[in-house]
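Residue-level structural notes
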Amino acid sequence: ADITVIHGAPSAPNVDVYVTSPDAELPDQPLLSDIPFNTTSDEISVPAGDYRVRITPGASTTVVYDSGTLTLVDGVEYVAIAADDIDSASLVGLTILTDLESTPFVNVNNTQ
């Protein structure tokens, strides 16, 4: 699976993005570090499977967004967009776009 991450939350500070297995503790190093608003990552390739995305303010381990378990399918291209979340206390929400005609986007609830 290929993923591109976009920081699209203008009210959020720079963020760190952690991608782990669903039950893993927050690792010492994020996958993406100190990402400012309006930044698009390079495409990241990961094996198909179950993952968990957590977002923290840059240089912090305080999780402000937790996706819970996400299943990524082999051969699918994903674009994950973190944006302001006006419906919860979290700084950000996550929407994932796919190249699948049957499921072009997925809103991912914050389990935090």
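Just so it is clear, the model here is predicted, and its values are computed rather than measured.

Next up on the list: the overall build of the protein chain. Scanning the protein chain for helices and strands turns up zero helices and ten strands. Along the protein chain, from the amino end to the carboxyl end, the secondary structure elements read β-β-β-β-β-β-β-β-β-β. For 112 residues, the compact-globule formula gives about 13 Å, and the C-alpha radius of gyration of the protein chain, at 13 Å, lands near that figure. Across the protein chain, contacts joining residues at least 24 apart in sequence account for 57% of those joining residues at least 6 apart. Total accessible area computed for the protein chain in this model is approximately 6300 Å², and 51% of it derives from carbon and sulfur atoms.

Turning next to the pattern of salt bridges. Under the counting rule described, the total for this entry stands at one salt bridge. Among the ionic pairs, Asp66 bridges to Arg52, the shortest N-O distance being 2.6 Å. Taken as a pair, Asp66 in strand β7 (residues 65-72) and Arg52 in strand β6 (residues 49-57) lie far apart in primary sequence, 14 residues in all.

Right, let's talk about the sheet that holds strand β3 (residues 32-35) for a bit. Within the open sheet, the four strands sit side by side as β3-β2-β6-β7. Their pairing is antiparallel. Two strands in the sheet have a free side with no partner beyond their single neighbour: β3 and β7. Direction aside, neighbouring strands of the sheet carry axes that sit 20° apart on average. The pairing of strand β2 (residues 15-20) with β6 spans six bridges and is classified as antiparallel. Its bridge partner being in β6, Val17 is matched across the sheet by Ile55.

What follows concerns the pairing of strand β9 (residues 92-98). Among the seven residues in β9, five count as buried, and that is most of the element. Bridge count between strand β8 (residues 77-84) and β9: seven bridges; the pairing is antiparallel. Residue Val79 lies in a different strand from β9, and its bridge partner there is Leu97.

Quick notes on the rules
Residues numbered from 1 in each chain as written. Predicted model: local features only at pLDDT ≥ 70, side-chain atom pairs only at ≥ 80, totals over all residues. Heavy atoms only, no water. Helix = DSSP H or I, 4+ residues; strand = E, 2+ residues; numbered from the N terminus. Rg over C-alpha atoms; globule rule 2.2 N^0.38 Å. Contact = heavy atoms within 4.5 Å. Areas by Shrake-Rupley, 256 points an atom, 1.4 Å probe, with all protein chains shown as cover. Salt bridge = Lys/Arg side-chain N within 4 Å of Asp/Glu carboxyl O. Pairing = 2+ DSSP bridges. Axes fitted to C-alpha atoms, helices over the stretch in contact; angles between N-to-C directions. Buried < 20%, exposed > 50% of the residue type's maximum accessible area, 1.4 Å probe, protein only.

Treat this as a map of the structure, not an account of what it does.
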